[in-house]
Amino acid sequence: MYTPPAFKDEDVESIRKTIRDARLANLVTATAEGPLATPLPLFLDESEGEHGVIYGHLAKANPHWQVPPIGDALAIFMGPEAYVTPSWYATKQETGKVVPTWNYVAVHAYGPIEFFQDPERLLDAVTRLTRKHEEARAKPWTVSDAPVDFIAAQLRGIVGIRIPVVRFEGKRKMSQNRPEADRVGVAAGLAASEHPADRAAAPLIPVPA
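Notes on the structure in this doc start here. Note that the structure is predicted; figures quoted are calculated from it, not measured.

Some details on the packing of aromatic side chains
Right, on to step 1. Summed over all chains, the structure comprises two aromatic pairs.
Right, on to step 2. Above the plane of the ring of Phe116 lies Arg121, whose end atom (NZ or CZ) is 4.0 Å from the centre.
Right, on to step 3. Taking the ring centre of Tyr55 as reference, the NZ or CZ of Arg128 above it sits at 5.0 Å.

This is the structure:
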């Protein structure tokens, strides 16, 4: 991932938060047949290994897991993102020398991928993934709410994913390279936007308190 120094995020907790907050990731592997990519919900077990271990699952019918990977797998997690109009820049009024851009937060996680079909490991991964997305609900659904034989049948239709992370690349492109007055304008513009994604990005713009 191309990351100019101003946008590099090397803070471990910031990187982990981006992964925790991501609702959907993209799993990418290089193969002799070309790159393969699958959108998936994934989670990071921060207690395993030096950098944590990523878990998830995909459909057994998905050929992605059947094609041998070349090198490490890549899991892509996206954070807040927003279009930035030049109209928000103070510089527009001063010189007119401005263009649009896109602000975003992204984490790339790399590591060797393992595909597994052991029912106990699959049940554990599915249970933890479900808990991650259900725990904030007033009445969380749990895997144990469904009949045991039904869950067992569902597990036979999926393949687990395990990626021990060997390195992260974090990028936080939030107008850090703009003058303070421009950043203030971007933060105000995003905060006033009708788009929820824009409003979510607004607090990440570095402006004076």
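What follows picks up the thread again.
Section: unusual backbone geometry
Right, on to step 1. The residue Ser175 is not glycine, and still its phi comes out positive at about 65°.
Right, on to step 2. Following the sequence through the fold, Ser175 ends up in the loop between strand E10 (167-173) and helix H5 (180-191).

Thoughts on the pairing of strand E5 (residues 53-59)
Right, on to step 1. For E5, the buried fraction is high: five of the seven residues fall into the buried class.
Right, on to step 2. Relative to E5, strand E4 (residues 43-45) is paired through three bridges, and the arrangement is antiparallel. Counterpart to Phe43 in the pairing with E5 is Tyr55.
Right, on to step 3. Relative to strand E9 (residues 158-164), E5 runs antiparallel, the two being bridged by seven bridges. Opposite Val53, over in E9, you have Pro164 as the bridge partner.

Considerations on the layout of surface pockets
Right, on to step 1. Volume-wise, the largest pocket comes out at about 180 Å³.
Right, on to step 2. Taken together, Arg20, Phe43, Leu44, Asp45, Glu46, Arg128, Arg131, Lys132 and Glu135 form the lining of the largest pocket.
Right, on to step 3. Secondary structure elements with two or more residues in the lining of the largest pocket: E4 and helix H3 (119-134).
Right, on to step 4. Tallied by class, residues from the lining of the largest pocket come to two nonpolar, no polar and seven charged.
Right, on to step 5. Contributing to the lining of the second largest pocket are Lys8, Asp9, Glu10, Val12, Ile15, Arg16, Glu50, His51, Phe168, Glu169 and Gly170.
Right, on to step 6. Counting residues per element, the ones that place at least two in the lining of the second largest pocket are strand E1 (8-9), helix H1 (12-21) and E10.

Examining the pattern of salt bridges
Opposite charge on two side chains permits them to pair, given that their charged atoms come into close proximity.
Right, on to step 1. Using the criterion set out here, one finds 12 salt bridges in the structure.
Right, on to step 2. Glu13 is the salt-bridge partner of Arg20, the closest N and O atoms lying 2.4 Å from each other.
Right, on to step 3. Two residues, Arg20 and Glu46, come together in a salt bridge whose shortest N-O distance is 2.7 Å. Pair noted here: Arg20 is in helix H1 and Glu46 is in the loop between E4 and E5, with a separation of 26 residues, a long-range link.
Right, on to step 4. The network of salt bridges with common partners includes Glu13, Arg16, Arg20 and Glu46.

Observations concerning H5
Right, on to step 1. Compared with the 16 Å implied by 1.5 Å per residue over 12 residues, the 17 Å span of H5 between its first and last C-alpha is a close match.
Right, on to step 2. Taken together, the buried positions of H5 are Asp182, Arg183, Gly185, Val186, Ala187, Gly189 and Leu190.
Right, on to step 3. For H5, the secondary structure elements touched by its buried residues are strand E6 (73-84), helix H2 (90-94), strand E7 (101-111) and helix H6 (196-201).

Regarding H1
Right, on to step 1. Taken as a whole, H1 has its buried residues at Ser14, Ile15, Arg16, Thr18 and Ile19.
Right, on to step 2. Lining the buried residues of H1 we find E1, E4, E6, E7 and E10.
Right, on to step 3. Here H1 starts with a cap whose side-chain oxygen sits 3.3 Å from the backbone nitrogen of Glu13, and that cap is Asp11.

Conventions we followed
Residues numbered from 1 in each chain as written. Predicted model: local features only at pLDDT ≥ 70, side-chain atom pairs only at ≥ 80, totals over all residues. Heavy atoms only, no water. Phe/Tyr/Trp six-rings, centres within 6.5 Å; stacked < 30°, edge-to-face > 60°. Lys NZ or Arg CZ within 6 Å of the ring centre and 35° of its normal. Helix = DSSP H or I, 4+ residues; strand = E, 2+ residues; numbered from the N terminus. Buried < 20%, exposed > 50% of the residue type's maximum accessible area, 1.4 Å probe, protein only. Pairing = 2+ DSSP bridges. 1 Å grid on protein atoms, 1.4 Å probe; cavity = no way out; pocket = protein on both sides within 12 Å on 5 of 7 lines; lining within 4 Å. Points joined across faces, edges and corners; volume = space filled by probe spheres on them. Nonpolar A, V, L, I, M, F, W, Y, C, P; charged D, E, K, R; others polar. Salt bridge = Lys/Arg side-chain N within 4 Å of Asp/Glu carboxyl O. Expected span 1.5 Å × (residues − 1). Contact = heavy atoms within 4.5 Å. Polar contact = N/O pair within 3.5 Å; in protein donor to acceptor, adjacent residues only side chain to side chain.

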